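Commentary on secondary and tertiary structure
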Amino acid sequence: MSETTPESVAVIGLGAMGGAMAAMLVRRGWSVLGHDPSEESLARARDAGVTTVTAIADLAGTEQVLLSLPGAEQVSAVVPELMELDSVRLIVDTSTSDPRTSVGLAADAAAHDVVFVDAPVSGGPSGAAAGTLAAFVGAAPQTVSTAAPLLDAITAGGWRHMGGPGSGNVTKLLNNALCAGAIALCAEAVDIAAAYDMDADKVVAALNSGSGRNAATDVNFPRWVLPGTYDSGFPVRLMARDVNLAVDLAASTGTAMTVIDATRRAWQEAARQLSPDADFNRVAQVIAASSGVLTQTGRNQ
């Protein structure tokens, strides 16, 4: 490919994450094809300069494909169709999926001379739009270099090769379980502090100056929970699903899982009290219900 020819990629799944990645790649000079079953998502992608198609078969001639799908079921349905296209040589799956699914798909892809890489991402729609996502990569060592240019484009180099196929999925599920646990524990902390008439904003700021600092105190609470914005773009149903998958992953290995199972129970109970599409950070409101500190005026918009 010459220096004057833009890189090209097909993005399948043009929701909050996939749509933002596709638009970002267009802005950076890539030639991007997009596919999604939602006409609304297709329209947004077209407005961002993506050339959209209505069927996977219309991606014939494409060598690189980026997936951003709801889960393993959708990935398992799409990848076999892609492997029927003689042109496809690389599939980078940024979906939060099941490691066993990725192991099987990587083997099937290799039999078709296609590289399949599980590369679930973290950073939300804002990170996708900026091209600064973190990606956890699972792939055979000899295939990672094939995916490196596309991974660099969506992460600004912020990706890590975790091991063989499926290891990216394992890391992402553990990442989300840790995030979920941190949110739950931080919600309980501000609930306890409220019983002492302490201000939640001051408590979180103080925790961030000490050894208790974590992603929830540093990002989730200041950005979404304390101001009551709740617009991260990630619904509670997906985070609750990911925590369940992480527990299942632990169970399959025989690993002790006292804390992670407690996290699952807390999230299951909180999720039952919320709309499935509610922002996942709203779980903090439910967990801190004793004091109501997170549902005060200005914090529940």
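Analysis parameters
- Residues numbered from 1 in each chain as written.
- Predicted model: local features only at pLDDT ≥ 70, side-chain atom pairs only at ≥ 80, totals over all residues.
- Heavy atoms only, no water.
- Helix = DSSP H or I, 4+ residues; strand = E, 2+ residues; numbered from the N terminus.
- Buried < 20%, exposed > 50% of the residue type's maximum accessible area, 1.4 Å probe, protein only.
- Contact = heavy atoms within 4.5 Å.
- Areas by Shrake-Rupley, 256 points an atom, 1.4 Å probe, with all protein chains shown as cover.
- Lys, Arg positive; Asp, Glu negative; His and termini not counted.
- Charge placed at Lys NZ, Arg CZ, Asp CG, Glu CD.
- Salt bridge = Lys/Arg side-chain N within 4 Å of Asp/Glu carboxyl O.
- Pairing = 2+ DSSP bridges.
- Patch = residues over 30% accessible without salt bridge, like charges linked within 9 Å, V, L, I, M, F, W, Y side chains within 5 Å.
- pLDDT = per-residue confidence, 0-100.

Another aspect to go through is the overall build of the chain. When helices and strands are tallied, the chain shows 12 helices and nine strands. Each principal axis of the C-alpha distribution contributes one length, and for the chain these read about 65 × 45 × 35 Å. For the chain, the residues scored as buried account for 50% of the 301 residues in total. Considering only contacts in the chain between residues 6 or more positions apart, those separated by 24 or more positions represent 66%. Working note: accessible area of the chain is about 13600 Å², and carbon and sulfur atoms make up 54% of it. Of the charged side chains in the chain, 18 are positive and 31 negative, and the gap between their average positions amounts to 7 Å.

All right, on to the pattern of salt bridges then. This structure, assessed with the given rule, holds 10 salt bridges. Between aspartate 98 and arginine 100 there is a salt bridge, with the nearest N and O atoms lying 3.3 Å from each other. By relative accessible area, arginine 100 is classed as exposed at 62%. A salt bridge links aspartate 248 to arginine 264; its shortest N-O distance comes to 3.9 Å. Highlighted residues: aspartate 248 in helix α10 (residues 236-253) and arginine 264 in helix α11 (residues 258-272), separated in sequence by 16 residues. Several salt bridges share partner residues, and in doing so they unite Asp248, Asp261, Arg264 and Arg265 into one network.

Residues of strand β4 (residues 64-67) alternate between two faces, with Gln64 and Leu66 on one and Val65 and Leu67 on the opposite face, all of them buried. As judged from the three bridges shared by strand β1 (residues 8-12) and β4, these two strands associate in the parallel manner. Counted as the bridge partner of alanine 10 is valine 65 from β4. Pairing between β4 and strand β5 (residues 90-93): four bridges, direction parallel.

This paragraph deals with a nonpolar patch on the surface. A cluster of nonpolar side chains, contributed by Ile192, Tyr196 and Met198, occupies part of the molecular surface with about 370 Å² of accessible area. Residue placement: isoleucine 192 occurs in helix α7 (residues 167-194). We classify isoleucine 192 as exposed; its relative accessible area is 54%.

In the predicted model, the chain carries a mean pLDDT of 94, and the fraction of residues at 70 or more is 96%. Here residues 297-301 scores under 50 on pLDDT; set against residues more than four positions off or in separate chains, the count is 20 contacts.

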